[in-house]
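Understanding the architecture of this molecule
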Amino acid sequence: MRLLRGFGWLLFTLLLLVFSGVLYARKVSSPLLSGTLTLRGLSGTVSVTRDAWGVPHIRAQASDQDALYALGFVHAQDRLWQMEFQRRIAQGRLSEVLGEAALDQDKFLRTWGFYRAAQTALPALSARSRSLISAYTAGVNAAVAQNRLPLEFRLLRFRPERWTDVDSVAWSKLLAYDLGGNWDDELTGQTVVSKLGAGALSSVLPPYPAGAPTILSSQELNLPSSQRPSSAPAGLKAAQTGSIQTGPVPTGQTLPPDALAQLKAQLRVAASLGFVNAPGKGSNDWVIGGSRTASGKPILADDPHLGLSAPMLWYLADVQGPTLHAIGATLPGLPGVVIGRNDRVAWGVTNVNPDVQDLFVEGPGTVLKSRNEVIRVKGKPDVSLVVQESVHGPVVARSRQWGDGQNGKGQDRAVSLEWTALKDGDTTLDAFLGLNYARNWQDFTAALSSYVAPAQNFVYADTAGNIGYYAPGRVPIRSQGGGVGAGGGWDGSLPVPDDDAHTWTGYIPFGQLPHVYNPADALVVSANNKVVPDSYKPFLGNVRNWAEPYRAERILELLDGKGHPLTLADVAKTQLDTVSLVWQGLRPYLLATSPRDALSAQALKLLRGWDGNETLSSVRASIFEAWLMELQKMGEDELEVATPINSLAVFNQLKTDGPLCRESGQGTCASLLALTLKRATAGLSARLGTDPDRWAWSDLHHSLSRHGAFGGVGAIAWVWNRGVSTPGGTDTVDVARPDAGTFNQTHAPSYRQIIDLSDMNRSRFIGTLGQGGNPIGSHYADMQPLWRDGVYIPMSTNTADWGQTQTLELRAAP
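First things first, this report covers the structure right here in the doc. None of the values given here were measured: they were computed from a predicted structure.

In this section: the pattern of salt bridges. Within this structure, the stated rule accounts for 28 salt bridges. A salt bridge links Glu96 to Arg93, with the nearest nitrogen and oxygen atoms 2.8 Å apart. A relative accessible area of 18% places Glu96 in the buried class. Take Arg93: its relative accessible area is 14%, and that puts it in the buried class. When the shortest N-O distance is used, the salt bridge between Glu373 and Arg371 registers 2.8 Å. Comparing Glu373 with Arg371, the two get one shared label, buried. By sharing partners, the salt bridges in this structure join Glu84, Arg87, Arg88, Arg93, Glu96, Glu161, Asp167 and Arg376 into a single network.

Time to look at the packing of helix 2 (residues 64-91) against helix 6 (residues 127-144). At a minimum axis separation of 6 Å, helix 2 and helix 6 run at an interaxial angle of 50°. With respect to helix 6, the axis of helix 2 lies oblique. Considering only the axes of helix 2 and helix 6, their crossing is right-handed. Across from Asp64, Gln65, Leu68, Tyr69, Leu71, Gly72, Phe73, His75, Ala76, Gln77, Leu80 and Met83 in helix 2, the residues of helix 6 making contact are Ser131, Leu132, Ala135, Tyr136, Ala138, Gly139, Val140, Ala142, Ala143 and Val144. When grouped by side-chain class, the residues that make up the contact of helix 2 with helix 6 number 15 nonpolar, six polar and one charged.

Turning next to the state of the cysteines. If you walk through the whole model with that rule in mind, you get one disulfide. Residue Cys661 pairs covalently with Cys669 via a disulfide, S to S 1.9 Å. When the S-S torsion is 95°, as for the bridge of Cys661 with Cys669, the disulfide is right-handed. Residue class for Cys669 comes out buried when judged on its relative accessible area of 4%.

The next thing to look at is the side chain of Lys173. Checked against the element boundaries, Lys173 lands in helix 8 (residues 167-179). By relative accessible area, which is 2% here, Lys173 ends up buried. In this structure, Lys173 is in contact with Phe114, Ala117, Ala118, Trp419, Ala421 and Asp426, ignoring residues within four places of it in sequence.

Another point: the sheet that holds strand 15 (residues 413-419). With mixed pairing, four strands are arranged side by side in an open sheet as 14-15-11-21. Looking along the sheet, the strands with just one partner apiece sit at the ends: strand 14 (395-399) and strand 21 (496-497). Running at roughly 55° to strand 11 (residues 357-361), helix 9 (residues 183-196) makes contact with strand 11 and strand 15 of the sheet.

Ranked by size, the top nonpolar core spans 180 residues in total, and within it Trp419 and Leu810 carry the most contacts. Here the element with the most residues in this core is helix 2; it accounts for 14 residues. Those residues in contact with Trp419, other than ones at most four positions away along the chain, are Trp112, Phe114, Lys173, Ala176, Tyr177, Gly180, Val356, Gln357 and Trp504. Tyr550, Val619, Leu648 and Ala649 belong to the second-largest nonpolar core, a separate cluster that totals 47 residues.

This part is about the sheet that holds strand 32 (residues 806-812). Strands sit in the order 1-32-2-3-7-8-9-10-16-17-23 across an open sheet of eleven strands; the sheet is mixed. The open sheet terminates on both sides in strands that have one partner only, identified here as strand 1 (35-39) and strand 23 (515-517). Each neighbouring strand pair of the sheet contributes to a mean axis angle of 20°, computed without reference to strand direction. Taken together, the six bridges between strand 7 (residues 315-320) and strand 8 (residues 325-330) define a ladder with antiparallel strand orientation. When the sheet's bridge partners are listed, Val319 is paired in strand 8 with Ala326.

Reading the values: rules and limits
- Every chain is numbered on its own, with residues counted from 1 as its sequence reads.
- Only residues with pLDDT of at least 70 get local features here, since the model is predicted, and only at 80 or more are side-chain atom pairs given and counted; chain-wide, interface and lining totals rely on the full set of residues.
- Only heavy atoms go into the side-chain values, all of them from the structure, while hydrogens and water stay out.
- By convention in these notes, a salt bridge is any Lys or Arg side-chain nitrogen within 4 Å of a carboxyl oxygen on Asp or Glu.
- Each residue's exposure class comes from its accessible area (1.4 Å probe, protein chains only) as a fraction of the maximum for that residue type: buried when under 20%, exposed when over 50%, partly exposed otherwise.
- Between N-to-C directions, angles cover 0 to 180 degrees, with each direction set by a line fitted to C-alpha atoms, over the stretch in contact for helices.
- A run of H or I in DSSP counts as a helix once it spans at least four residues, and a run of E counts as a strand once it spans at least two, with each numbered from the N terminus.
- For classification purposes, an angle smaller than 35 degrees is called roughly parallel, one larger than 145 roughly antiparallel, one from 65 to 115 roughly perpendicular, and anything else oblique.
- In a left-handed crossing the near helix is turned counterclockwise from the far helix by less than a right angle, and in a right-handed crossing that turn is clockwise.
- Contact definition: two residues touch when any of their heavy atoms are within 4.5 Å.
- We call Asp, Glu, Lys and Arg charged. Ala, Val, Leu, Ile, Met, Phe, Trp, Tyr, Cys and Pro are nonpolar, and the rest, Gly among them, are polar.
- Any pair of cysteine sulfurs within 2.5 Å is marked as a disulfide.
- Think of it this way: DSSP has to see at least two bridges between two strands before they count as a pair.
- Working definition of a nonpolar core: buried Ala, Val, Leu, Ile, Met, Phe, Trp, Tyr and Cys residues. They are joined through side-chain atoms within 4.5 Å.

Take a look at the structure:
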């Protein structure tokens, strides 16, 4: 008994110590949320009222600069570690705090020069933008001075340096990388061409289907009738019943194996930072004119699909000064509202996917500029890195295997990258800050004329009842333009030589970029699908640039098929839809499979009659997604890379008994279908048991919001990482593609908003986790179950909608 009592007291003491430690950690790292602070840098008093969900409602009396100061203050209060981590990524300085494990990441980041590009952007911004950025920066530093540092700083034993104005621009460069590149497709394209021949490119990277919906029609582009597409039924059904597009055979220059290996290594490094060009990754936005709505005013919806992280990427905020009145999604580290509304105008964004990156093989003897980068490594000697640049941009690979030298020796030649986001004078932040002030379409388009990268599909609505769309951003004009590409067949699919036939000669003028104001059908839908019909000139991107049309097709189907004026509830139901058009397209081919074992036969029986709705309780969703995952591996053996093909490529192969089926070692698609079904059901059986009726999607499919620094550290990852079972699947509107091998959902609708232009305060929004960055704080993940279940919180400036509040008053120091 004495031993038992002793053990009990020991256990009690340990629990008490743990509990006390948690309380202490929460106290020293949690921000001050109420009371009064006197701060230098303000010109007047600012109130910060946090609502029941931790969303700050900022009210500045004296100036808009004070409002942005307060935004910087609350960003640093709630998300300082996220800001620091993002800043170090942009700078290529992770190794200083994380050690040698981050060295390859820093080398990649220094080579590309993201932070250097941010340094050239700041002087190009307007005086108003620079003033607002400086105020934001001062607010960040005022919060840091409160000395309530997040747990990560204490564990890694360092203090953040002072925030700078360049830091407030830098993260936008990494967002441009995540959203605005296709250089990896050029590498895939070369691998396909070199191993399977140019004709196989369309098998692995299929062109956008003929007849599938474009964001703008030829009529909306005001094209002559002779240039308009045929009136065949639009959408996926037309694409499935018509001929499969093959696209032009591209031209390019083959990279040697060592250069290709270097570039693929950089892709792996980028993926380790969370930047992955995942199949089906994309976003949805749409705007509905008042003639289609119950209120008679527009409704605007947006849900950008990005990588999940902990803390969540976005920070919801309501920011008001004397003339600045904006509410929506902000990015910690950047001033202003990125997606949202003010009191007159609302906007949303999705990715355009134009071709704005090219790999150039530099000629022999090309003069390159060099600089030496010194990377500090925690606990190790400094590492020197020589970075070179050509007139195109950074040198991202080198090779001596070109085979055109003397005496059998190849010449040493460089591969460089040209990309709009790395050019000097990026004024994108002018555009976003300008949107915060826009009062009408003219202000809106004037702001977007400063936009550089990443090119986005902006939808627009205002309280006067107008709607519109614009696709701003710098899109290069390639030499010898004409037809579907440029440079005599140069369409950006493959690396090209540095010669007169392959140069950028300028950018598409802003006025010629796709746009429409008050379209006749009172509807614009964007889901990363093709922007314009082929008759549009000039060249935006090659036929393989656009996302598969499944999401766009489903959104149009739902919005057009209601049979009554649309409401906020209708729009929310569309945004949360989990019906798979991928299943509907593949169904006849999958159900014709001859099963090889009893488990496969049971799975096929379950799939018959399924409506394709990938709900949490669905067993059929588990079977379908596991089978699709196996089918997407076709071609991996031939290409010798683990590159899954997308859903459209699978459909094309099954429909035509395509070459990837034949070359998979099975001879026919019928044989491949039987084999992949057997593999899929065996895998499900190993994970979920041998009874298919118990293979619920909720038991297999979970979101994974992972912490950038500690999310992979097994012993403590659970403290920061968060996840929840999620509905939806590959290319559903509520996009939830499972990752190969794990079934985790690591890309998702990172933010949702629905804005009612008849009464702005009836608008709603939600994030993936919560407002806080402290894993033991109350707002770290309180939005996660709401986000999963399709629940929103009020996007309102009305105090009556805020619930229980806490107010912090910021006063100007004398």
